[in-house]
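Structure at a glance
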Amino acid sequence: MKTCFLIVNYNDYENTNKLVSNIKDYKCIDKIIVVDNNSKLEEKELLKNISSAEVLYLEENKGYSSAINYGSKYLINKLGDCYIIVSNADIIINSEKDIKKLISNFDNNTAIVSPIINEHGIYNKGWKLPKPKHEILSNIPIVSKKIKKKLEYDLKEEITKVDVVSGCFFIIDSRVLESIDYLDENVFLYYEENILSVKIKKINKDILIDKTVEIIHNHSVTIDKNLKKIKKYKILKQSQFYFNKKYNNANILELILLKLTYYITYVLLYVYYIVLDILN
């Protein structure tokens, strides 16, 4: 099967251009596309400078999942069955050998293959699907880090079957993507990985991590303004509630507790950031 590279871009021409320049000569990649999630006009103009990839411009930003679906359907329509490498713009790949190694792990029962993701020295090795009780506890700031640690994998084998992998970089078989009716576009951002995992589990396919391959996620560590942090937190918890209600079999009591812990933490964060703004 052919291998395609799908980059989701949003106001990040510089990193997108670097990534395309890095992979444009990889012989194992048959096509590169950039799906622009309705960036600013000046960013769209800059994207026209990228000659080694086809750029698809979306008129509306409907979220990460929507952009992946749009690009994937375009590739499948053009090329038929293929392996689709889904990537953020701010990804650094060490060599073509890494892509070849990841692709070599696919068999008839494999849905997704992912490397280890290096995020500024912190290694993302996938995670276990949380139960509703984990989600409730994760809304409590003091407990959330312990819950996250509990759900992390400690990879022993070179190739390990996991529940969930990071959405910033993974390779998926297009036939699997079609069979699960693509990603759920009801979440704008966050929890798309957990939802994808549940969908794949239902068709009894595997999600694998190859720990011999490491990809760098060079995401920005700039500090958001307090209002932006609150907005992101709200989007995160909306996605959390949707996931638990539709995909995680949360009962009425668990959904109430999810809402309650979210609102309490939201108010506390809001007050905290207002005080910070006043002091600053």
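The structure we're discussing is the one just above.
Scope of this entry: the structure provided in the associated data block. (Residues numbered from 1 in each chain as written. Predicted model: local features only at pLDDT ≥ 70, side-chain atom pairs only at ≥ 80, totals over all residues. Heavy atoms only, no water.)

**Considering the overall build of the chain**
Looking only at helices and strands, the chain has 10 helices and 10 strands in total. In terms of overall size, the chain behaves like a compact globule, its C-alpha atoms giving a radius of gyration of 19 Å where 280 residues would be expected to give roughly 19 Å. Considered along the principal axes of its C-alpha atoms, the chain spans approximately 50 × 45 × 35 Å. By residue count, 50% of the 280 residues in the chain fall in the buried class. Across the chain, the 41 positively charged side chains and the 36 negatively charged ones have centroids separated by 5 Å. (Helix = DSSP H or I, 4+ residues; strand = E, 2+ residues; numbered from the N terminus. Rg over C-alpha atoms; globule rule 2.2 N^0.38 Å. Buried < 20%, exposed > 50% of the residue type's maximum accessible area, 1.4 Å probe, protein only. Lys, Arg positive; Asp, Glu negative; His and termini not counted. Charge placed at Lys NZ, Arg CZ, Asp CG, Glu CD.)

**Focus on unusual backbone geometry**
Excluding glycine, a negative phi dihedral is what most residues carry, and trans is how most peptide bonds are arranged. A positive phi is found at Asn 204, a non-glycine position, where the angle reads about 60 degrees. Within the secondary structure layout, Asn 204 lies in the loop between helix H8 (192-202) and strand E10 (206-217). Among the residues examined, Asn 204 registers a relative accessible area of 60% and is labelled exposed.

**Description of the environment of Lys 2**
In this structure, Lys 2 sits in strand E1 (residues 2-9). Residue classification places Lys 2 among the partly exposed residues on the basis of a relative accessible area of 39%.

**Re the pattern of salt bridges**
The tally for this structure, following the rule as stated, stands at 11 salt bridges. With a closest N to O distance of 3.3 Å, Lys 24 and Asp 25 form a salt bridge. Overall, Lys 24 belongs to the partly exposed group, its relative accessible area being 40%. Taking relative accessible area as the criterion, Asp 25 reaches 56% and is therefore assigned exposed. (Salt bridge = Lys/Arg side-chain N within 4 Å of Asp/Glu carboxyl O.)

**Concerning the packing of aromatic side chains**
Applying the stated rule across the entire model yields 8 aromatic pairs. Measuring from ring centre to ring centre gives 5.8 Å for Tyr 262 and Tyr 266, while their planes differ by 55 degrees; the resulting arrangement is tilted. Taken together, the residues Tyr 262 and Tyr 266, both in helix H10 (residues 252-279) and 4 residues apart, mark about one turn of the helix. Judged by its relative accessible area of 9%, Tyr 262 falls in the buried class. (Phe/Tyr/Trp six-rings, centres within 6.5 Å; stacked < 30°, edge-to-face > 60°.)

**Let's talk about the side chain of Ser 87**
Residue position: Ser 87 is located in strand E4 (residues 82-88). Residue Ser 87 is classed as buried on the basis of its relative accessible area, which comes to 0%. Excluding residues within four positions of it along the chain, Ser 87 makes contact with Phe 5, Leu 6, Ile 7, Val 8, Leu 19, Tyr 64, Cys 168 and Phe 169. (Contact = heavy atoms within 4.5 Å.)

**A closer look at helix H1 (residues 13-23)**
Residues Tyr 13, Thr 16, Leu 19, Val 20 and Ile 23 constitute the buried set of H1. One face of H1 carries all of its buried residues, which in axial projection span an arc of 130 degrees. What points out from H1, more than 90 degrees from its buried face, is the exposed set Glu 14 and Lys 18. Along its buried surface, H1 packs onto E1, strand E2 (31-36), helix H2 (41-47), E4 and strand E5 (91-92). (Arc of directions from axis to C-beta.)

**Focus: the nonpolar core**
Ranked by size, the top nonpolar core spans 34 residues in total, and within it Ile 84, Ile 112, Leu 196 and Ile 200 carry the most contacts. By size, the runner-up hydrophobic cluster in this structure holds 32 residues, among which are Ile 50, Ala 89, Leu 102 and Val 213. (Core = buried A, V, L, I, M, F, W, Y, C linked by side-chain atoms within 4.5 Å.)

**Concerning the pairing of strand E3 (residues 54-57)**
Bridge count between E2 and E3: 4 bridges; the pairing is parallel. Considered in E3, the bridge of Val 34 is made with Val 55. (Pairing = 2+ DSSP bridges.)

**Considerations on the pairing of E10**
Relative to E10, E5 runs antiparallel, the two sharing 2 bridges. By the bridge assignment for E10, Ile 92 is matched with Ile 216. Two elements, strand E6 (residues 110-119) and E10, share 8 bridges in a ladder whose sense is parallel. The residue bridging Asn 118 from the neighbouring strand is Ile 216, located in E10. With 3 bridges connecting them, strand E8 (residues 159-161) and E10 associate as antiparallel partners. Within E10, the residue paired with Ile 159 across the bridge is Asp 210.

**Quick notes on empty space enclosed by the protein**
Counted according to the given criterion, the structure contains 1 cavity of 30 Å³ or more. Lining the largest cavity are 13 residues, and of these Val 165, Gly 167, Phe 170, Glu 193 and Leu 196 lie nearest its centre. It is H8 that contributes the most residues to the lining of the largest cavity, 4 residues altogether. Tallied by class, the residues present in the lining of the largest cavity amount to 8 nonpolar, 3 polar and 2 charged. (1 Å grid on protein atoms, 1.4 Å probe; cavity = no way out; pocket = protein on both sides within 12 Å on 5 of 7 lines; lining within 4 Å. Points joined across faces, edges and corners; volume = space filled by probe spheres on them. Nonpolar A, V, L, I, M, F, W, Y, C, P; charged D, E, K, R; others polar.)

**Examining H8**
For H8, the tally of buried residues reaches 9 of 11 residues, placing the bulk of the element in the interior. Residues of H8 that are buried: Glu 192, Glu 193, Asn 194, Ile 195, Leu 196, Ser 197, Val 198, Lys 199 and Ile 200. Note on H8: the residue one or two positions beyond its end, Asn 204, has a positive phi of about 60 degrees.

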